[in-house]
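Results of the structural survey
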There are 2 protein chains.
Amino acid sequence: MKHLLLAASAAASLILPVAASEPAPIPSPGEIAAAAPASDWIAIAPSDLLVMDLAPDAKGKPRRVVIQLMPAPFSRGWIGNIRKLAAAHWWDGTSINRVQDNYVVQWGDATEKKPLPIGLATVPESEYQIEDRPAVMRIIETMHRNKVRIEELVRQQRRSGSPRIYAPEMRTKVDPYADLQGFAQGWPVAGSTGLWPIHCYGAVGVGRNLSPDTGSGAELYAVIGHAPRHLDRNIAVVGRVISGIEHLSSLPRGTEALGFYKTEAERMPIASIRIASELPAADQPQFEYLSTESDSFARYADARANRRDPFFIRPAGGADICNIPVPVRPVAAK
Amino acid sequence: MKHLLLAASAAASLILPVAASEPAPIPSPGEIAAAAPASDWIAIAPSDLLVMDLAPDAKGKPRRVVIQLMPAPFSRGWIGNIRKLAAAHWWDGTSINRVQDNYVVQWGDATEKKPLPIGLATVPESEYQIEDRPAVMRIIETMHRNKVRIEELVRQQRRSGSPRIYAPEMRTKVDPYADLQGFAQGWPVAGSTGLWPIHCYGAVGVGRNLSPDTGSGAELYAVIGHAPRHLDRNIAVVGRVISGIEHLSSLPRGTEALGFYKTEAERMPIASIRIASELPAADQPQFEYLSTESDSFARYADARANRRDPFFIRPAGGADICNIPVPVRPVAAK
């Protein structure tokens, strides 16, 4: 029964055996991404990767979590602080202190006494979204071009008239959380008058106390459940986990209110957090993402919204934006 | 920093200390549910609870997962099979064989050789949704009344003019996956010509091979990630985990394709699965859910879509249906 839920998997990129008589199966989203030309993949600069090394597991195996930081123009103030905290090795010896099921894993200084580095910015709530008109318009134009690319693809497929193809108008533009949403610069983005990054599975954000505090960046969390979109514009999104999230999502849930661990013994020690460019070259993780401005991504997004690979009998005809995760893959170190 | 993400928690039902001078804080969704009158809570019959007891944890602590089965008229064929499998104690000695991050935990017979009980139904794909007109219309009317209740509440709050209240028209009716969606009989439901149950976090479904196989019910999975709505109408939803999901969601992820465990040693043994009514009375879990037809649920749903409790500075003005989990709570055994 190993085929159970086969093509339903975002991760799956298996090729089913095809009898000579059958047409080739329609590729899954994973297969479409895997087949994208090298030119559609964009390398992520090591200076934009935050590398968190946890204590090794029970068998002594290393546990590394890699986080891609948000690109400009989003969340710059907090990301500047995060770079300073990493450069100061501030997180070394801190711990994961909270794991709340279907919500977040949170890390930082459990003692709440560790002094912060000098010179961290106090970031205002206005930074939760960007309102700089030229930047907003530039990104909205990119989002629009990418949406048009997907919709044109859907029309082409409808015209092609394959009986296995069922593609009603894409409904990914439908979002209960925003007037506008789509992909730009490799990230899901929402907006109305301004634009803001979205809390999807794996998103990394900045913990805070009650408003007007927006958090320094020293307390971070990663989403390990259904996208908590109600946090959008209420907390700063600063990145996303692109590798090793299973080291966070499979941790025991905390038993205190909000999933905080009750005892020191339950906390997961953080050996170190570094910007990848500070690591020895051989130890720098290398990743690339599928350009959201590419035709390959348009095909991938359409396939996520209209699954036609063999497992599926009824394509959804749409997808919420967090069900179209931007493909990211490791590349062999050069 | 224990307030971090405080009111953002679906689970939180803490009361913040209030200085004499301040107005009472606006309650969180959890607080609204906790304050609902007893008459708004509906007891779940033990005959509708599936109780899965896993092997105890490393410290010998029991690990129990409780699943509420879908009410009529949804998924009856598979649920009939599940009742037969539980009555036959068929799952005893089977195991959890697959844990795929941000997707599903799956259990059943890893050997794929265990004979099934006599008399299981072969359920057709048409059962993925209900199309019986009287039943569909009855449920749609209930969904509509519940939506009207929420929208009327939003209008009242807008009229009340509290400066802390910000309630644009509810956008929960917006769904990329269906023309129609809402709550009925305590469950989230979607539809267009027919109606079908929704894959939200914690949903339990029936694993299958490629169509036209729809699965017997012997292989089950639970959603442990972002709602995989693309599975709606492609696999049967038969229930939801209402207690103990952390025993599934925190399991180590499988390293084989699709998150299957590679070795027997990795699999999590299932001691037993029973319909609760078959257990000794003292061992029968007792749960109740907040009636989705109650004013309390309308207030809760509005609060989930428009967070105004102290942590939040900007209510979303909407929510996707899987971000409005129906409150379920244990009750002391009678």
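This one's a predicted model, so the numbers in the text were calculated from it and none came from an experiment. (Residues numbered from 1 in each chain as written. Chains lettered and ligands numbered in written order. Predicted model: local features only at pLDDT ≥ 70, side-chain atom pairs only at ≥ 80, totals over all residues. Heavy atoms only, no water.)

**A short note on the pairing of strand S13 (residues 287-290) of chain B**
All names here are of chain B.
- Of the two faces of S13, the one holding Phe287 and Tyr289 and the one holding Glu288 and Leu290 are both buried throughout.
- Bridge count for strand S1 (residues 41-43) against S13 is three bridges, and the pairing is antiparallel. Residue pairing in the sheet places Ile42 in a bridge with Tyr289 of S13.
- Where S13 lies against strand S14 (residues 328-330), three bridges are found, and the strand directions are antiparallel. Residue pairing across strands places Tyr289 opposite Val328, the latter belonging to S14. (Buried < 20%, exposed > 50% of the residue type's maximum accessible area, 1.4 Å probe, protein only. Helix = DSSP H or I, 4+ residues; strand = E, 2+ residues; numbered from the N terminus. Pairing = 2+ DSSP bridges.)

**Examining the confidence of the model for chain A**
All names here are of chain A.
- Of the residues in chain A, 88% have a pLDDT of 70 or more, and the chain-wide mean is 88.
- In this model, residues 6-19 is a region of pLDDT below 50 whose contacts with residues beyond four sequence positions or in other chains number 37 contacts.
- Predicted confidence for residues 163-173 stays below pLDDT 50, and this span has 45 contacts to residues more than four positions away or in other chains.
- Among the prediction metrics, the complex's ipTM stands at 0.91, with pTM recorded as 0.92. (pLDDT = per-residue confidence, 0-100. Contact = heavy atoms within 4.5 Å.)

**Description of the state of the cysteines**
Residues and elements named next belong to chain A.
- Tallied over the entire structure, the rule returns two disulfides over all chains.
- Disulfide partner of Cys200: Cys322, at an S-S distance of 2.0 Å. On the sign convention where negative means left-handed, the S-S torsion of about -75° between Cys200 and Cys322 marks this disulfide as left-handed. Of this pair, Cys200 sits in the loop between strand S8 (195-197) and strand S9 (203-206) while Cys322 is found in the loop between helix H5 (295-305) and strand S14 (328-330), placing the two residues 122 residues apart along the sequence. Here Cys200 and Cys322 have matching classes, each one buried. (Disulfide = S-S within 2.5 Å.)

**Notes on the domain arrangement of chain A**
Residues and elements named next belong to chain A.
- Per the domain assignment, the segments of chain A are domain 1 (43-120 + 202-287) and domain 2 (132-193 + 292-329).
- The centre of domain 1, based on its C-alpha atoms, is set 29 Å off from the matching centre of domain 2.
- Taken residue by residue, the interface counts 17 residues in domain 1 and 15 residues in domain 2.
- Between domain 1 and domain 2 lies a buried interface of about 1,200 Å² when both sides are counted; carbon and sulfur atoms form 66% of it.
- On the domain 1 side of the contact with domain 2, Phe74, Arg229 and Arg240 bury the most area, a combined 48% of that side's loss.
- The tally of links between domain 1 and domain 2 comes to two residue pairs in polar contact (both at pLDDT 80 or more).
- Elements supplying a minimum of two residues to the side of domain 1 that touches domain 2: strand S3 (63-69) and strand S11 (237-243).
- A per-element tally of the side of domain 1 that touches domain 2 places S11 first, with three residues.
- In the side of domain 1 that touches domain 2, the residues fall into ten nonpolar, four polar and three charged. (Domains from an automatic or database assignment. Buried area = accessible area lost by both parts, 1.4 Å probe. Polar contact = N/O pair within 3.5 Å; in protein donor to acceptor, adjacent residues only side chain to side chain. Nonpolar A, V, L, I, M, F, W, Y, C, P; charged D, E, K, R; others polar.)

**Some remarks on the sheet that holds S14(B)**
All names here are of chain B.
- Overall, antiparallel pairing links the three strands, which are arranged S1-S13-S14 in an open sheet. Since the sheet does not close on itself, it has two edges, and those belong to S1 and S14, each with one partner. Recorded for the sheet is a direction-independent mean angle of 30° between the axes of neighbouring strands. (Axes fitted to C-alpha atoms, helices over the stretch in contact; angles between N-to-C directions.)

**Section: the packing of aromatic side chains**
Residues and elements named next belong to chain A.
- The full count for this structure, using the stated rule, is ten aromatic pairs over all chains.
- Ring centres of Phe311 and Phe312 lie 5.6 Å apart, and the angle between their planes is 75°; on these two criteria the pair is classed as edge-to-face.
- Residue Phe311 is classed as buried on the basis of its relative accessible area, which comes to 0%.
- The class for Phe312 is buried, based on a relative accessible area of 8%. (Phe/Tyr/Trp six-rings, centres within 6.5 Å; stacked < 30°, edge-to-face > 60°.)

**Description of helix H5 (residues 295-305) of chain B**
Residues and elements named next belong to chain B.
- With nine of eleven residues buried, H5 lies mostly within the body of the structure.
- Along H5, the positions that sit buried rather than exposed are Ser296, Phe297, Ala298, Tyr300, Ala301, Asp302, Ala303, Arg304 and Ala305.
- Of the surrounding elements, those touching the buried residues of H5 are helix H1 (29-34), helix H3 (133-160), strand S6 (180-184) and S13.

**A few points about helix H2 (residues 76-87) of chain B**
Residue and element names in this part refer to chain B.
- Taking 1.5 Å per residue as the helical rise, H2 with its twelve residues ought to reach 16 Å, and the 16 Å between its terminal C-alpha atoms agrees with that figure.
- Listed in full, the buried residues belonging to H2 are Trp78, Ile79, Asn81, Ile82, Leu85 and Ala86. Taken around the axis of H2, the buried residues stretch over an arc of 155°, which confines them to a single face.
- Looking at the buried side of H2, the elements it contacts are strand S2 (49-54), strand S3 (63-69), strand S9 (203-206), strand S10 (220-223), strand S11 (237-243) and strand S12 (268-275). (Expected span 1.5 Å × (residues − 1). Arc of directions from axis to C-beta.)

**Side note on the environment of Gly77(B)**
- Within the secondary structure layout, Gly77(B) lies in helix H2.
- In this structure, the C-alpha to C-alpha distance between Gly77(B) and Ala190(B), residues 113 residues apart in sequence, is 20 Å.

**A look at the sheet that holds strand S10 (residues 220-223) of chain A**
Residue and element names in this part refer to chain A.
- Taken in spatial order, the eight strands line up as S2-S3-S11-S9-S10-S5-S4-S12 and close into a barrel, and their pairing is antiparallel. Strand-to-strand twist of the sheet, defined as the mean angle between neighbouring strand axes without regard to direction, takes the value 35°.
- As paired strands, strand S2 (residues 49-54) and S3 are joined by six bridges and run antiparallel to one another. Bridge assignment links Leu54 to a residue of S3, and that residue is Arg63.
- In the packing of helix H2 (residues 76-87) onto the sheet, the strands contacted are S2, S3, S9, S10, S11 and strand S12 (268-275), and the crossing angle to S12 comes to about 110°.

**Some words on the pairing of S11(B)**
All names here are of chain B.
- Of all seven residues in S11, six are buried; the element is thus mostly enclosed.
- Where S3 and S11 come together, four bridges link them in antiparallel fashion. Counterpart to Ile67 in the pairing with S11 is Val241.

**With respect to the pattern of salt bridges**
Residues and elements named next belong to chain A.
- A full pass over the atoms with the stated rule returns 24 salt bridges over all chains.
- Ionic pairing is found between Asp53 and Arg64, a salt bridge with its closest N-O pair at 2.7 Å. In this pair, Asp53 sits in strand S2 while Arg64 sits in strand S3, placing the two residues eleven residues apart along the sequence.
- With a relative accessible area of 18%, Asp53 lands in the buried category. (Salt bridge = Lys/Arg side-chain N within 4 Å of Asp/Glu carboxyl O.)

**Details of the side chain of Glu31(B)**
All names here are of chain B.
- Mapped onto the elements of the fold, Glu31 is located in helix H1.
- Despite its burial, Glu31 remains without a salt bridge, the nearest opposite charge being carried by Arg307 at 8.1 Å.
- For Glu31, the side chain forms a polar contact with the main-chain nitrogen of Ser28, separated by 2.7 Å. (Lys, Arg positive; Asp, Glu negative; His and termini not counted.)

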